[in-house]
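# A look at the structure
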Amino acid sequence: MGRNPVTWLGSPTFPDAARDALGDTQLRGNLRKATTTIRGKRESAVAELGDWEELRRAGESVKDDVLANLDTYLERLEAAVTDRGGVVHWARDAEEANRIVLDLVQAEDTDEVVKVKSMATAEIGLNEALADGGVNAIETDLAEVIVQLGDDRPSHILVPAIHRNRAEIKEIFAQMPEPPTSDDPHALAEAARKYLRRKFLSAKVAISGANFGVADTGSIVVVESEGNGRMCLTLPETLITVMGVEKVLPRWQDLEVFLQLLPRSSTAERMNPYTSTWSGVTPGDGPQKFHLVLLDNGRTSTLADEVGRQALRCIRCSACLNVCPVYERTGGQAYGSVYPGPIGAILAPQLAGDLHDEQAASLPYASSLCGACYEVCPVRINIPEVLTHLRAEVVEAKGKRTPEAMAMSAAAWVFGDRRRYEAAQKAGSLTRFLARDGTLSSLPWPGSKWTDTRDAPVVPKESFRAWWRRNRG
Amino acid sequence: MSGPRVALFPTCLTDTVYPETAKAVVRLLERLGCDVDFPLDQTCCGQMHFNTGYAEHARPMARAYADVFDSYDHVVAPSGSCAGMVRENHPNLCAASPAATRTYELSEFLVDVLGVVDVGAHFPHRVTYHPTCHSLRMLGVGDKPLRLLRAVSGLELVALPQAEQCCGFGGTFALKNAETSTAMLADKMRCVQDTGAQVVTAGDNSCLMQIGGGLSRMRAGVRTVHLAEILASTQEEPWVATP
């Protein structure tokens, strides 16, 4: 079994990557503008519904039922898809899924496929695997086109090119056969349209992800904004869908809940512009061959963790990214994974499954635990709870010999007894002699991590408890 | 007849670094008729350990907290994050204790338990209020601190832009991700300065340590003062800046 590509090979740890991103003022400007706008819009879209909290609870409980009975629903989905003329494949990991898809594409005797925007295929590194097999995968979502042609990595789940502005996009599009005439959004979209139309009309095979898969009916659902997904899902002869196993829903009517939660949380729309659903194959209409690849890739091991499993409720709306004060400043690439932001900080390390890896282990710490993510999550994933839970797992993986673990043990020993604590208070108050003019502006490491940018408080000679004892004791 | 028997849990940070805040809570609660005690056996709620991934170290601290505070009617902490740690996480670390459910952040205790909004305070300064994340999202204190501040005579309250954005403290986050923490702080300070306030207040000394540390470094001339100190200040006994 190969390395799980959910985190990018060779990525620096979060603090190191963040340091570089913070220095990029263009990036910070782009991100601040984009996240502030979408934040405000989401708030108004959600405020329109009087039963938003009930909807969130409904979404949470449907997903929890799915996770508790995953085996049952998946087998039901497989039977329904097969009944309707589709073929179902099971993939244990990225390598297996990529192999299945490559074989299916090669069986159609083609070396180019069109793709619907999909997180699952990005997670398994499908485009790279197809390229190794001599197949060119063409992204068709406008933002994915920008990322792909820019030989770049995505920085947001929903808006993967959020870090780019239009001048940068014009430069990237210059390599198209008919490049844009200006950086006006209409000109950029027109250039992309001309480039993509040709691809849609010539492709024999399309590859998609799935937002939902309905067990009872075998229906797959993809929601999108541009209609480019609809082109891929209807024009080519063969359609291959890669779906994470947790995306299954029990009943058709469950969509009522999620088709309200998802667009309002992600694009702040009441309804997304394009909702495509299909059940197996319909003779004479749309793709005549349909393959569904059900992907595990770390999901069942995530499911085994009682606290961490709630991350599998995620419907990839990215509301948590848009409200996150850390994401807003560092951008998505700093997380070193296809899943950035707060959800990425809990999902990527769990899917990767190796907390001994320095990069993955740094992700649960990429948060001030402010809780803004939990507040907006449409399926009520308690992200701060999972973050602290994963931090405990990181600490366990690193062992007791790290300087931090030893400092924490010492602190716990001090707090374990009042006399030791009072002695430490007295010792701490000696730092007041380091102060100049009532200001403590330089401490030795690790205190320097504080005083590099902030003054430290001057610890007074008398603690509160000493005062209390003197006056009230 | 004496009022409710209240134990003060100033938190280890305030006990050690910001004793004036704890004295202010005592003064304020006694003025409102409470019988205040400070059990000397208390130390720390274990939040730093728990939030950094050392839950096993936090467990005995949670147990000790229950032992110290279980016999009181109420426990009051001038900190949203420590009160949140106790109420939300202590029951998962050790058996549910009366102390955990009876622990209140100061503004909650004043408004919900004592039922007062006007505490008779006087504070003639231009003030802006930063709602700290854990008081806002973990405890849900809502506008209670603002209602208390609006009732303070002489106080001019100015709204803080993007108030609900984190100041970047986040406990050990401020050290582990110091650069990101500082970038968040820079935006918070800009918002504070845009208000033209002389004082920025909050219900948590940890967040005020971050904001104040930044303001002091840039010689911004804006002071951080804990909510308790504003509410304790009166015409007769006005708040005095500590050196």
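Predicted model, so just to flag it, every value in this text is computed and none were measured.

Conventions adopted
Residues numbered from 1 in each chain as written. Chains lettered and ligands numbered in written order. Predicted model: local features only at pLDDT ≥ 70, side-chain atom pairs only at ≥ 80, totals over all residues. Heavy atoms only, no water. Pairing = 2+ DSSP bridges. Helix = DSSP H or I, 4+ residues; strand = E, 2+ residues; numbered from the N terminus. Axes fitted to C-alpha atoms, helices over the stretch in contact; angles between N-to-C directions. Contact = heavy atoms within 4.5 Å. Phe/Tyr/Trp six-rings, centres within 6.5 Å; stacked < 30°, edge-to-face > 60°. Lys NZ or Arg CZ within 6 Å of the ring centre and 35° of its normal. UniProt positions renumbered as here; feature names shortened; annotations may be inferred. Core = buried A, V, L, I, M, F, W, Y, C linked by side-chain atoms within 4.5 Å. Buried < 20%, exposed > 50% of the residue type's maximum accessible area, 1.4 Å probe, protein only. Disulfide = S-S within 2.5 Å. Buried area = accessible area lost by both parts, 1.4 Å probe. Salt bridge = Lys/Arg side-chain N within 4 Å of Asp/Glu carboxyl O. Polar contact = N/O pair within 3.5 Å; in protein donor to acceptor, adjacent residues only side chain to side chain. Nonpolar A, V, L, I, M, F, W, Y, C, P; charged D, E, K, R; others polar.

### Considerations on the sheet that holds strand 4 (residues 103–105) of chain B
All names here are of chain B. Strand order in the open sheet made by the four strands is 2-1-3-4, with parallel pairing throughout. The two strands at the open ends of the sheet, each matched to only one other strand, are strand 2 (35–37) and strand 4. Geometrically, the sheet is characterised by an average inter-axis angle of 35° between neighbouring strands, direction not taken into account. Strand direction decides the pairing type here: strand 3 (residues 74–77) and strand 4, joined by three bridges, are parallel. When the sheet's bridge partners are listed, V76 is paired in strand 4 with Y104. Taken strand by strand, helix 2 (residues 19–31) contacts strand 1 (5–8), strand 2 and strand 3, and its axis lies near 170° from that of strand 1.

### Regarding the packing of aromatic side chains
The geometry of an aromatic ring pair is captured by the separation of the ring centres together with the interplanar angle, meaning the angle of the planes. One pass over the structure, following the stated rule, counts 16 aromatic pairs over all chains. Grouping aromatic residues by their ring pairs yields a cluster made of F464, W467 and W468 of chain A together with F38 of chain B. Directly above the aromatic system of W413 of chain A lies the positively charged group of R420 of chain A, at a separation of 4.2 Å from the ring centroid. The side chain of K176 of chain B reaches across the aromatic face of Y365 of chain A, ending 4.1 Å from its centre.

### Looking at the sheet that holds strand 7 (residues 238–244) of chain A
The pairing of strands in a sheet happens through backbone hydrogen bonds and is either parallel or antiparallel. Residue and element names in this part refer to chain A. Here we have six strands laid out as an open sheet, ordered 1-10-7-4-2-3, and parallel in their pairing. Each edge of the sheet is formed by a strand with only one pairing partner; in this case those strands are strand 1 (87–91) and strand 3 (136–139). Strand-to-strand, the axes of this sheet are offset by a mean angle of 25°, without reference to chain direction. Strands strand 1, strand 7 and strand 10 (289–295) of the sheet are contacted by helix 4 (residues 70–83), whose axis makes an angle of about 145° with strand 1.

### Comments concerning the UniProt feature "domain: Cysteine-rich" (unreviewed entry) in chain B
Residues and elements named next belong to chain B. Under the UniProt annotation, the feature "domain: Cysteine-rich" (unreviewed entry) is placed at residues 6–86 and 127–211. The span residues 6–86 is 58% helix and 12% strand, and its two end C-alpha atoms sit 16 Å from each other. Annotated as 48% helix and 12% strand, the span residues 127–211 places its first and last C-alpha atoms 14 Å apart.

### Some remarks on unusual backbone geometry
Glycine aside, residues mostly have negative phi angles, and peptide bonds mostly take the trans form. The amide bond that connects W445 of chain A to the next residue, P446 of chain A, takes the cis arrangement and shows omega of 5°. Looking at where P446 of chain A falls in the secondary structure, it is placed in the loop between helix 21 (418–429) and helix 22 (448–451). For A268 of chain A, which is not glycine, the phi torsion reads 60° and is therefore positive. Along the chain, A268 of chain A falls in the loop between helix 12 (255–266) and strand 9 (274–279). Residue T11 of chain B is not a glycine yet carries a positive backbone phi of 85°. Structurally, T11 of chain B is set in the loop between strand 1 and helix 1 (12–17).

### Considerations on the nonpolar core
Counting residues in each nonpolar core, the largest one holds 111 residues, and the members touching the most others are F173, V248, F258, L292, I343 and I346 of chain A. Leaving out residues up to four positions away in the same chain, I343 of chain A has contacts with I157, A311, C314, C320, L321, A348, I381 and I383 of chain A. Counting 36 residues, the second largest nonpolar core, distinct from the first, contains W468 of chain A together with L8, F38 and F123 of chain B.

### Observations regarding the state of the cysteines
Residue and element names in this part refer to chain B. Evaluation of the coordinates by the stated rule reveals zero disulfides over all chains. No disulfide involves C45; its sulfur sits 4.1 Å from that of C82, the nearest cysteine. A residue is classified by how much of its surface remains accessible, and C45, at 2% relative accessible area, is buried. Here C166 stays unpaired: no disulfide links it, and the sulfur of C133, its closest cysteine neighbor, is 4.0 Å away.

### As for the interface of chain B and chain A
Contacts between chain B and chain A engage 58 residues on the former and 61 residues on the latter. Of the roughly 5,300 Å² buried where chain B meets chain A, counting both sides, 58% is carbon and sulfur surface. It is L40, Y54 and R217 of chain B in chain B that bury the most area against chain A; as a group they hold 12% of the surface buried on that side. Summed over the shared surface of chain B and chain A, the number is nine salt bridges. With its nearest N and O atoms 2.9 Å apart, the salt bridge here joins D41 of chain B to R418 of chain A. The interface formed by chain B and chain A holds 37 residue pairs in polar contact (both at pLDDT 80 or more) in total. Classifying every residue of the side of chain B that touches chain A by side-chain character gives 27 nonpolar, 20 polar and eleven charged.

### Considering the environment of A68 of chain A
Residue and element names in this part refer to chain A. As for its position among the elements, A68 is in helix 3 (residues 52–68). Given the relative accessible area of 58%, A68 is considered exposed. For the pair A68 and Q26, spaced 42 residues apart in sequence, the C-alpha separation works out to 45 Å.

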